[in-house]
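Listed here are the chains, written in short residue letters.
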Amino acid sequence: MAETGPVPPPPKPKSPSSDAIKQQTEEILNAILPPKEWMEDNQLWVQPVSSAPCTRMDVIHLQEQLDKRLQERQARETGICSVRRELYSQCFDELIRQVTINCVERGLLLLQVRDEIRMTISAYQTLYESSVAFGMRKALQGEQGKSDAENKISDLESEKRDLERLLNEQKAKCEAIERREAERREIEEKKHAEEVQFLKRTNQQLKVKQRPSEDIYDIIYQNLTFPFIF
């Protein structure tokens, strides 16, 4: 029978060495903040971000540098300001670097927050640009519509003047016809009155010519006496 004894604990996993941790941190930092590259004297220079841990004084110095840059570049305190946005973005990147050196997971979470903020700002910027373009199109359409309306108004005013001139001509013709008809009626009435006067005078003359014979008969009958035997 085999002897039984205490079961030995499982072997502890080997913790990664400090060099491996440092290398992993540098890779994450390079993914978060890509190194700067530039050409100088036909040579390519690469400057990666620092992986040195930060201290409390580094944070205070970062705050002082931010305030100084804001004043130097005359960034606006309120409202939309591209300068202020750029400086705060750089400051946030530095905070992500400092946090990532101490805790990679926390730095990656802050990276997600940064990317979400940038995506939101980009969406608002796209919406603003499309709104401005839409407003410009509407303004141009309004100007075009205004020009068309002005041309239509000018045409209608010209047509109105033509109609008013035609109306005045018709009124003048109507007045001329009324005057001619009034003159003709006056002439006809005058002619009729003259004819009536002529007929009256003729009738009067005929009456005058017939009256002497009638008077003679009256005288004869008055001067003659006839004895009447009853």
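The structure under discussion appears in the preceding block.
Here the structure is a predicted model, which is why all the values come from computation and not from measurement.

**What to know about the overall build of the chain**
Helix and strand content of the chain: four helices and two strands. Listing every helix and strand of the chain by position from the N terminus yields α-β-β-α-α-α. Burial status across the chain gives 10% buried among its 230 residues. Carbon and sulfur atoms make up 56% of the accessible area of the chain, which totals about 20600 Å².

**What about unusual backbone geometry?**
Note: most peptide bonds trans; most residues except glycine with negative phi. Here the phi dihedral of D41 falls at roughly 55°; this positive angle occurs in a residue that is not glycine. In this fold, D41 is placed in the loop between β1 (36-40) and β2 (43-47). A relative accessible area of 68% places D41 in the exposed class. Look at N42: it is not a glycine, yet its phi comes out positive at around 60°. Note that N42 resides in the loop between β1 and β2.

**Focus: the side chain of R114**
One can find R114 in helix α4 (residues 104-223). Those residues in contact with R114 that lie beyond four places of it in its chain are I32, L33, F92, D93 and I96.

**As for the packing of helix α2 (residues 56-72) against helix α3 (residues 82-102)**
Running from N to C, α2 and α3 point in directions that differ by 170°, and their axes come no closer than 10 Å. The angle between α2 and α3 falls in the class roughly antiparallel. Across from V59, L62, L66, R69 and L70 in α2, the residues of α3 making contact are R84, L87, Y88, C91, E94, L95 and Q98.

**Description of the pattern of salt bridges**
It is possible for side chains bearing opposite charge to pair when their charged atoms get close. Applying the stated criterion across every chain yields a total of seven salt bridges. Between D162 and R165 there is a salt bridge; the shortest N-O distance is 2.8 Å. One end of the pair is D162 and the other is R165, both in helix α4 and three residues apart, which spans about a single turn. The partly exposed category is assigned to D162, whose relative accessible area is 37%. Salt bridges linked by common partners bring D93, R114, D115 and R118 together as one network.

**Description of a nonpolar patch on the surface**
Nonpolar side chains collect at one region of the surface, where M39, L44 and V46 lie side by side and expose about 310 Å² of accessible area between them. Residue M39 is classed as exposed on the basis of its relative accessible area of 56%.

**Brief notes about the nonpolar core**
Counting residues in hydrophobic clusters, the biggest one holds eight residues: L62, L66, L70, A75, C81, V83, L87 and C91. Listed by contribution, the elements that provide at least two residues to this core are α2 and α3. Apart from the residues within four sequence positions on either side, L70 is in contact with A75, R84, L87 and Y88. Among the nonpolar cores identified, the runner-up in size contains six residues, and I32, L33, I96 and V104 belong to it.

Conventions we followed
Residues numbered from 1 in each chain as written. Predicted model: local features only at pLDDT ≥ 70, side-chain atom pairs only at ≥ 80, totals over all residues. Heavy atoms only, no water. Helix = DSSP H or I, 4+ residues; strand = E, 2+ residues; numbered from the N terminus. Buried < 20%, exposed > 50% of the residue type's maximum accessible area, 1.4 Å probe, protein only. Areas by Shrake-Rupley, 256 points an atom, 1.4 Å probe, with all protein chains shown as cover. Contact = heavy atoms within 4.5 Å. Axes fitted to C-alpha atoms, helices over the stretch in contact; angles between N-to-C directions. Parallel < 35°, antiparallel > 145°, perpendicular 65-115°, else oblique. Salt bridge = Lys/Arg side-chain N within 4 Å of Asp/Glu carboxyl O. Patch = residues over 30% accessible without salt bridge, like charges linked within 9 Å, V, L, I, M, F, W, Y side chains within 5 Å. Core = buried A, V, L, I, M, F, W, Y, C linked by side-chain atoms within 4.5 Å.

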